[in-house]
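Chain by chain, the residues run as shown.
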Amino acid sequence: MTENYKDRYKYLVQILNQYSFEYHTLDKPSVSDAIYDSLFSELKKIEEKNPEIISPNSPSRRVGNAISGGFNKVAHSSRMLSLNDVFNYSEVTQWFERILKINKSIEPVFFADIKMDGLACSLIYQDGEFQQAVTRGDSFIGEDVTSNVRTIKNIPFFFNDNEYSFLKSGRTEIRGEIVILKKDFEKINDSRLLQGETPFANPRNLAAGTIRQLDPKIASKRPLRFIAYDILRENKDEIRTNEVAYNMLTSIGFERNRQASKISSVKEVVDFIEYWSERRKELDFNTDGLVVKINDRNIFDNLGIVGKQPRGAIAFKYAPEEATAVVEDIIISIGRTGATTPVAVFEPVQLAGTTVKHASLHNSDEIDRLDVRIGDTVVVYKAGDIIPKISKVLFEFRNGKEKKFNFEEELKNKFPNEEFYRPKGEVVYRLKNSDSSILLKKNIIFYASKSGLDIEGLGEKNVNALVDSGLVKELSDIYDLKKEEILKLERFGEISANNLINAIEKSKNPTLERFLASLGVRYIGNETAKLFAKEFETIEKIKKASYDEIINIKGIGEKATESILAWFSEQENIELLEKLEQLGVVVKSFSQENKQGSLAGKKIVITGTLKDISREEFAKQIVENGGEFQKTITKDTDYLVIGAKVGSSKLAKAQKYSVAIIDEDKFRANFL
Ligand code: IVH
């Protein structure tokens, strides 16, 4: 991939320009917005890494829409800016931290609104009377679209009388978004379909296309709406906060979102985002996010602009549920029931708020149906559940180097010692000689064995009896066993039944490494499980770990990496973990286990260059062993660990506070 980035780049430039033409000019996009955005972000990444190859015709060089010939150009009185996108909560926090760096006395008081997915428009009023409507254009200069905008029925030609009487004199600019409501859009498309016409792609496109029509009669027939989000006056002191601005908008007669609100902490911003994450789908118009701005407009202005974006506002974008990825490999996982599942592996992509690295391909028929090959660019999506899937291959990205995947051959190559068969009428290849109850028994015996969770009473004979009687149909059922049920089996009496229930109960709080090792994931034995536990600390984090994060752990190879990724990409395994949790199995996180580590309660400072470990890594090891890592020496520091090239000031301070000074090797030998 890396050596091919130039070809890839050229192709991305070409195809994105084509998609853009289909979208903007033909109103007939051949791919979804999410696919476009995903490819666009790939292009931007290549450009950021290799600025020397940026083509002047790259879609990243296009600012807004090109101004088309028919309309007069109008300069904006102040720029119509766009916003920086952020995609997760930590980016929201970082945004405000950056603001505090500029001026630490700024209060966390924000104003947040739904981000409408339409087209930006500025309306100019003189003495409270509508004069002119201008599109955003390139942010400095837009197009005069007054005659079309005049047809929008919810735009007032005159301001209502209201308590802000100064608005009746002088120039006022109202900014907002022109949208078409979802229900109106559907009606239009329904009737187009009835008349045998092709439906429009989406409301935003239709709204933008309508505003660009030279004949206003067309606009007048389309159900456009204007929803305002800003009001500007020459004298800025007249409107001090965005909260007041929104009140003004309502009192002079504009539609604006009722959901917009003032927010007084970063935490509440996050709550607001969370609140709308699902509810936004019920709104009348399309939205892909929220706008959050500093409420005080004076502070907002003083924070300034970087490029085309003001520092004082952000757009929070909800993660798309679709993205593109390049298939690097297809691996095969064998489930707990002996069923084989092919899993596509790719570079990490952002999908619906998480980083994903693999997608289930279900079975070999599905590989054939999609015609997925290694090297293909594919579309991955998340459909309600946790495991991403591939919806289609973008065949136009093929360059002839893609490799077909022969499922049967791969089974032979990867598992030379196993035999597989495909039961008649089924699409799934299974391990031979392993009907599901045999595998289930094996799994439970392994789970309960000495090297697993060590559950006394769950040896081979008892497990056979429990499974054969139907009391245990899957591993998690052991946590749901009732004494009365067990007593019905011949093998058990009062005491043995009690003992078994107690032993199972006692296994409910395992350490992470033991739990992981007892799941019987291929290539994940006790030692490997320990490495995983140390690195990730919780099962949740292991679940989310990417290929690179895992393979970079010292001592973990490719086989274990692929195996754990494949295991977590299977729905039935995820369900097993959920059921275990519901039944009261709480896995101790690694740090919990190590609270009483060799460095419990000790405070440690490092100075100098460490041998072959980074300072961060060393600090992490200290924490994992129960110690506390300090940046500077204080009077309660316990140890100063010294590496090479030590500065004298720390040593002097350590001596002053009688802190024990110890070199790296000795420290390691004693504590880590
Ligand atoms: S406030 C400095 N509020 O999103 C710009 N914009 O990327 C402040 N948009 O050009 C804009 N809904 O066209 C704001 N509730 C909302 C919005 C909104 C949609 C659009 C707007 C703007 C773009 C910013």
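As named in an unreviewed UniProt entry, the protein chain is DNA ligase, taken from Candidatus Nanogingivalis gingivitcus. Listed in UniProt under the heading Function (unreviewed entry), the comment for the protein chain reads: "DNA ligase that catalyzes the formation of phosphodiester linkages between 5'-phosphoryl and 3'-hydroxyl groups in double-stranded DNA using NAD as a coenzyme and as the energy source for the reaction. It is essential for DNA replication and repair of damaged DNA." The annotation that UniProt attaches to the protein chain under Sequence similarities (unreviewed entry) is "Belongs to the NAD-dependent DNA ligase family. LigA subfamily."

Moving on, we come to the site of the ligand. Taken together, 14 residues sit near the ligand, with Asp113, Ile114, Met116, Arg136 and Glu177 positioned nearest. Aspartate 113 places a polar side-chain atom, nitrogen or oxygen, 3.0 Å from a nitrogen atom of the ligand. The side chain of tyrosine 229 places a nitrogen or oxygen atom 3.1 Å from an oxygen atom of the ligand. Of all elements in the fold, only β3 (110-116) and β10 (287-294) reach the threshold of two or more residues within the shell around the ligand. At 4 residues, β3 tops the list of elements feeding residues into the shell around the ligand. Split by residue class, the shell around the ligand holds 8 nonpolar, 1 polar and 5 charged.

UniProt records the feature "active site" (unreviewed entry) for Lys115 in the present numbering. For lysine 115, the contacting residues outside a window of four places in its chain are Asn286, Thr287, Asp288, Gly289, Leu290, Val291, Ala315 and Lys317.

Take the pairing of strand β13 (residues 313-317) next. Where burial is concerned, most of β13 is hidden: 5 out of the 5 residues are buried. Side chains of β13 alternate between two faces, with Ala313, Ala315 and Lys317 and Ile314 and Phe316 buried alike. Pairing of strand β2 (residues 84-86) with β13, which is carried by 3 bridges, proceeds in the parallel orientation. Note on β13: the bridge partner recorded for asparagine 84 is isoleucine 314. Pairing of β10 with β13, which is carried by 5 bridges, proceeds in the antiparallel orientation. Bridging from a neighbouring strand, lysine 293 pairs with alanine 313 of β13.

Describing two packed helices takes the angle between their axes plus the distance from one axis to the other. At a minimum axis distance of 10 Å, the contact between helix α3 (residues 89-102) and helix α9 (residues 266-279) shows a crossing angle of 145 degrees. Both α3 and α9 take part in a crossing whose hand is right-handed. Listed contacts from α9 to Tyr89, Val92, Thr93 and Phe96 of α3 are Val266, Val269, Val270, Ile273 and Glu274.

Read across the sheet, 4 strands follow the order β5-β4-β7-β8 without closing on themselves; strand pairing throughout is antiparallel. The open sheet is flanked by β5 (129-135) and β8 (224-233), the only strands paired with a single partner. In this sheet, adjacent strand axes meet at a mean angle of 30 degrees when their direction is disregarded. Bridge count for strand β4 (residues 119-126) against strand β7 (residues 171-180) is 8 bridges, and the pairing is antiparallel. Considered in β7, the bridge of serine 122 is made with arginine 175.

Conventions and cut-offs
- Residues numbered from 1 in each chain as written.
- Predicted model: local features only at pLDDT ≥ 70, side-chain atom pairs only at ≥ 80, totals over all residues.
- Heavy atoms only, no water.
- UniProt positions renumbered as here; feature names shortened; annotations may be inferred.
- Near = heavy atom within 4 Å.
- Polar contact = N/O pair within 3.5 Å; in protein donor to acceptor, adjacent residues only side chain to side chain.
- Helix = DSSP H or I, 4+ residues; strand = E, 2+ residues; numbered from the N terminus.
- Nonpolar A, V, L, I, M, F, W, Y, C, P; charged D, E, K, R; others polar.
- Contact = heavy atoms within 4.5 Å.
- Buried < 20%, exposed > 50% of the residue type's maximum accessible area, 1.4 Å probe, protein only.
- Pairing = 2+ DSSP bridges.
- Axes fitted to C-alpha atoms, helices over the stretch in contact; angles between N-to-C directions.
- Left-handed = near helix turned anticlockwise from the far one by under 90°.

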